[in-house]
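For reference, the chains in residue letters:
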Amino acid sequence: SSTFDFAGNLFPLSSTAGGASGYAPIGAPTSSGRRGGPLGGGSLEKHKTLTYLNGLSLIVGLIIGSGIFSSPSQVSSRVGSAGAGLVVWAVAGVLAWTGGASYAELGGAIPLNGGAQVYLAKTFGELAGFLFTWSAVLVLKPGSAAIIAIIMGEYLVRAVIGAEAETISPWVSKAVALVGIFSVTLLNCVSTRIGTRVNDLLMFLKFVALIFITVTGIVVAITGHTFTGEPTLEWKKHDWFEGTSTDMSAWALALYAGLWAFDGWDNTNYVVGEFRNPSRDLPRVIHTAMPLVILCYILANVAYFLVLPLSAINGSNTVAVLFGSRVFGPAGALVIALIVSFSCFGALNSSTFTAGRLIYVAGKEGYIPTVFGRIGFGDRMLEDSLSTQRTRSWLTKKMRSCVGDEDTGLFYTPVYALLLNCALTVVYCVVGEFSTLVTFYGVAGYTFYFLTVLGLIVLRVREPQLERPYKTWITTPIIFCCVSLFLLSRAVFAQPLQTLIVVGFVVAGIPVFFLRVRGRERKGMGDRERKWWQFWK
Ligand code: ARG
């Protein structure tokens, strides 16, 4: 099956969050060396190791990150009331779900690793796929890492100085965020083994934290007393829909904040090629993960609103700490602050892991300077001998070792790719702050989500005979496209500067594509590129 060859070829390292357990995180893991390797040409059928549960843990672990512990303020302060806030959370969840269902259809029809890049290239041509990778390297990956790092910093600072203390200078938490970014980069440069183990544990903690918040919130609301004995009947004081904003742009910005918390639903699509039974399991993963996460998030939000006054929620990026301190006093605040910052650290680590692989592949493809497609520090010899088959499978083994499959050496990681990612993340972290970055990330992300799902509709019309093992209800992609179009159009009015910067980044990719990719073709294509064209023609 040449399709699967291609999957491995284009994304030899396209990987998962690194946080999910139970499978080797490289495009074509087991025994690839002997069969020619993912860069060689053996069948990948053998390497299809992911099961339904792996997919579920991967995606749930990715989605539950910083958002549910920090976005509620952005949501409710913009729409003006608790009830409207809950509506936004539900809409954001359903939107993410329709997106996930649409991606599941694409993943079944085009069962290749690489996600949006592959689908966009198929529907709109290689330039579209390139622009996605380009934006992911420059905006999506570092932007999201910066958001997570900032939240981690804020929570850690809260853990130290206490939840209800006066607002502190953002630079203190930014400094902590920078330390986090540097340590995660270092960790990933050296080896990823430690991080992936830690992440499995963290996923469990996140769930426990969410369930804990929900249950205690409900208990407090019913008894009317916090666990420290103070009477509180906050929820009786709420007028759930009073003060609801009618400004559509405010609703759009609130939705971006909610969508941030649900983001990550597309991540199983990066590893479709590795599922044992993608057409069956991909939709199943989406249709269990999304309702589960939506339910958890809505319940957690209800718990926040039951215990805290709206004004307190609106004013805080660290609402979970506020919750802990109100319900359990300083000790509760400390525990929750620590759990959330660990959770963010894990998310940051996963994100860095995937970013490293993404940039590495982009470098290998010649999309960006090839230095970013190198393993280890300045290993010129390795690069030069890449053309021989033996070295290729050797390289594969090295890459496997660096993600913890086999332990054969330190620093056999995409060091330059990781450093680039680190530098960009630092920039976003220094110049941006939570609420603006969330919109910025949302605009960039939803531009490509929109185009990809639009591609699904285009494909239905253009290639009706294409085999689609899973076919979503046609209204699903239509709803997704309409709502994301609304979101994108509103962003232009609500935050023109961010939108302009996003557009600038994407457009800047066009000349790069023609210089680098087209130039490379004129010089004569390599093996992998030829396969690519054979596949599509
Ligand atoms: N939903 C996650 C959070 O709440 C963010 C996911 C970031 N996106 C990604 N593709 N890793 O923190």
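Everything below is about the structure shown above.
Here is a short report on the structure shown in this document. (Residues numbered from 1 in each chain as written. Predicted model: local features only at pLDDT ≥ 70, side-chain atom pairs only at ≥ 80, totals over all residues. Heavy atoms only, no water.)

**Overview of helix α15 (residues 330-365)**
Line of reasoning, step 1. In this model α15 runs 52 Å from its N-terminal to its C-terminal C-alpha over 36 residues, within 8% of the 52 Å that 1.5 Å per residue would give.
Line of reasoning, step 2. Following α15 by one or two positions, Gly366 has its phi on the positive side, about 85°. (Helix = DSSP H or I, 4+ residues; strand = E, 2+ residues; numbered from the N terminus. Expected span 1.5 Å × (residues − 1).)

**Focus: the nonpolar core**
Proteins that are soluble and globular tend to have nonpolar side chains buried together.
Line of reasoning, step 1. Phe69, Phe262, Trp265 and Tyr297 are the most contacted members of the largest nonpolar core, which totals 143 residues.
Line of reasoning, step 2. The biggest single contributor to this core is helix α7 (residues 126-161), with 20 residues.
Line of reasoning, step 3. Phe69 has contacts with Tyr155, Leu210, Ile213, Tyr304, Asn317, Thr318, Val319, Ala320, Val340 and Ser343, leaving out every residue within four places of it along the chain. (Core = buried A, V, L, I, M, F, W, Y, C linked by side-chain atoms within 4.5 Å. Buried < 20%, exposed > 50% of the residue type's maximum accessible area, 1.4 Å probe, protein only. Contact = heavy atoms within 4.5 Å.)

**Let's talk about the pattern of salt bridges**
Line of reasoning, step 1. Considering all chains together, one arrives at six salt bridges under this definition.
Line of reasoning, step 2. Measuring nitrogen to oxygen at the nearest pair gives 2.6 Å for the salt bridge that ties Arg460 to Glu105. Remark: Glu105 occurs in helix α5 (residues 82-109) and Arg460 occurs in helix α19 (residues 434-462); sequence separation between them is 355 residues.
Line of reasoning, step 3. The salt bridge partner of Asp281 is Arg284, with a shortest N-O separation of 3.5 Å. Remark: Arg284 and Asp281 occur in helix α12 (residues 278-307); sequence separation between them is three residues, near one turn of the helix.
Line of reasoning, step 4. Exposure remark for Arg284: the relative accessible area of 37% places this residue in the partly exposed category.
Line of reasoning, step 5. Each of Glu105, Arg460 and Arg468 takes part in one network of salt bridges that share partners. (Salt bridge = Lys/Arg side-chain N within 4 Å of Asp/Glu carboxyl O.)

**Observations concerning the site of the ligand**
Line of reasoning, step 1. Contacts to the ligand come from Leu62, Ile63, Gly65, Ser66, Gly67, Trp260, Ala261, Asp263, Asn267 and Tyr441.
Line of reasoning, step 2. Between an oxygen atom of the ligand and a main-chain N or O atom of Ser66, the distance comes to 2.7 Å.
Line of reasoning, step 3. A distance of 3.4 Å separates a nitrogen atom of the ligand from a polar atom in the side chain of Asn267.
Line of reasoning, step 4. Expressed as a share of its isolated accessible area of 340 Å², the protein-covered part of the ligand is 94%.
Line of reasoning, step 5. Those elements giving two or more residues to the shell around the ligand turn out to be α2 (52-63) and α11 (248-262).
Line of reasoning, step 6. Among the residues making up the shell around the ligand, the classes are represented as five nonpolar, four polar and one charged. (Near = heavy atom within 4 Å. Polar contact = N/O pair within 3.5 Å; in protein donor to acceptor, adjacent residues only side chain to side chain. Areas by Shrake-Rupley, 256 points an atom, 1.4 Å probe, with all protein chains shown as cover. Nonpolar A, V, L, I, M, F, W, Y, C, P; charged D, E, K, R; others polar.)

**Considerations on the side chain of Arg78**
Line of reasoning, step 1. By the element assignment, Arg78 lies in helix α4 (residues 72-79).
Line of reasoning, step 2. Lacking a salt bridge, the buried Arg78 has Glu433 as its closest oppositely charged neighbour, with an N-O distance of 7.1 Å.
Line of reasoning, step 3. For Arg78, the side chain forms a polar contact with the side chain of Gln74, separated by 3.3 Å.
Line of reasoning, step 4. Beyond its immediate sequence surroundings of up to four residues, Arg78 is in contact with Ser245, Ala250, Leu253, Ala254, Ser435 and Gln495. (Lys, Arg positive; Asp, Glu negative; His and termini not counted.)

**Remarks on a nonpolar patch on the surface**
Line of reasoning, step 1. On the surface, Val160, Ile161, Ile168 and Val172 cluster together into a nonpolar patch covering about 330 Å² of accessible area.
Line of reasoning, step 2. Structurally, Val172 is set in helix α8 (residues 170-190).
Line of reasoning, step 3. Assessed through its relative accessible area of 41%, Val172 is described here as partly exposed. (Patch = residues over 30% accessible without salt bridge, like charges linked within 9 Å, V, L, I, M, F, W, Y side chains within 5 Å.)

**A few points about the packing of aromatic side chains**
Line of reasoning, step 1. Within the structure shown, the criterion is met by 19 aromatic pairs.
Line of reasoning, step 2. For the pair Phe132 and Phe448, a centre-to-centre distance of 5.6 Å together with 75° between the ring planes defines the contact as edge-to-face. Here the residue Phe132 occupies a position in helix α7, and Phe448 occupies one in helix α19, the gap between them amounting to 316 residues.
Line of reasoning, step 3. Phe448 sits in the buried class, given a relative accessible area of 4%.
Line of reasoning, step 4. A centroid spacing of 5.9 Å and a plane angle of 70° characterise the contact between Tyr304 and Phe323, whose relative ring orientation is edge-to-face. Of this pair, Tyr304 sits in helix α12 while Phe323 sits in helix α14 (residues 319-328), and the two are 19 residues apart along the sequence. Each of the two residues, Tyr304 as well as Phe323, counts as buried.
Line of reasoning, step 5. Here Lys174 stacks its cationic end above the ring of Trp171, 4.8 Å away from the centre of that ring.
Line of reasoning, step 6. For Arg284, the ring lying beneath its charged end belongs to Tyr52, and the centroid distance is 4.4 Å. (Phe/Tyr/Trp six-rings, centres within 6.5 Å; stacked < 30°, edge-to-face > 60°. Lys NZ or Arg CZ within 6 Å of the ring centre and 35° of its normal.)

**Side note on the state of the cysteines**
Line of reasoning, step 1. Applying the stated criterion across every chain yields a total of zero disulfides.
Line of reasoning, step 2. No disulfide involves Cys344; its sulfur sits 12 Å from the nearest other cysteine sulfur, which is in Cys429.
Line of reasoning, step 3. Judged by its relative accessible area of 0%, Cys344 is buried.
Line of reasoning, step 4. Cysteine Cys422 shares no disulfide, and the gap to the nearest cysteine sulfur, in Cys189, comes to 8.2 Å. (Disulfide = S-S within 2.5 Å.)

**Some words on the packing of helix α6 (residues 116-124) against α19**
Line of reasoning, step 1. Packing of α6 against α19 brings their axes to within 9 Å, and their N-to-C directions diverge by 45°. In terms of orientation, α6 lies oblique with respect to α19. The two elements α6 and α19 cross, and the hand of that crossing is left-handed. Of the residues in α19, those touching α6 at Ala116, Tyr119, Leu120, Lys122, Thr123 and Phe124 are Phe448, Leu451, Thr452, Leu454, Gly455, Val458, Leu459 and Arg462.
Line of reasoning, step 2. Residue composition of the contact of α6 with α19, by class: nine nonpolar, three polar and two charged. (Axes fitted to C-alpha atoms, helices over the stretch in contact; angles between N-to-C directions. Parallel < 35°, antiparallel > 145°, perpendicular 65-115°, else oblique. Left-handed = near helix turned anticlockwise from the far one by under 90°.)

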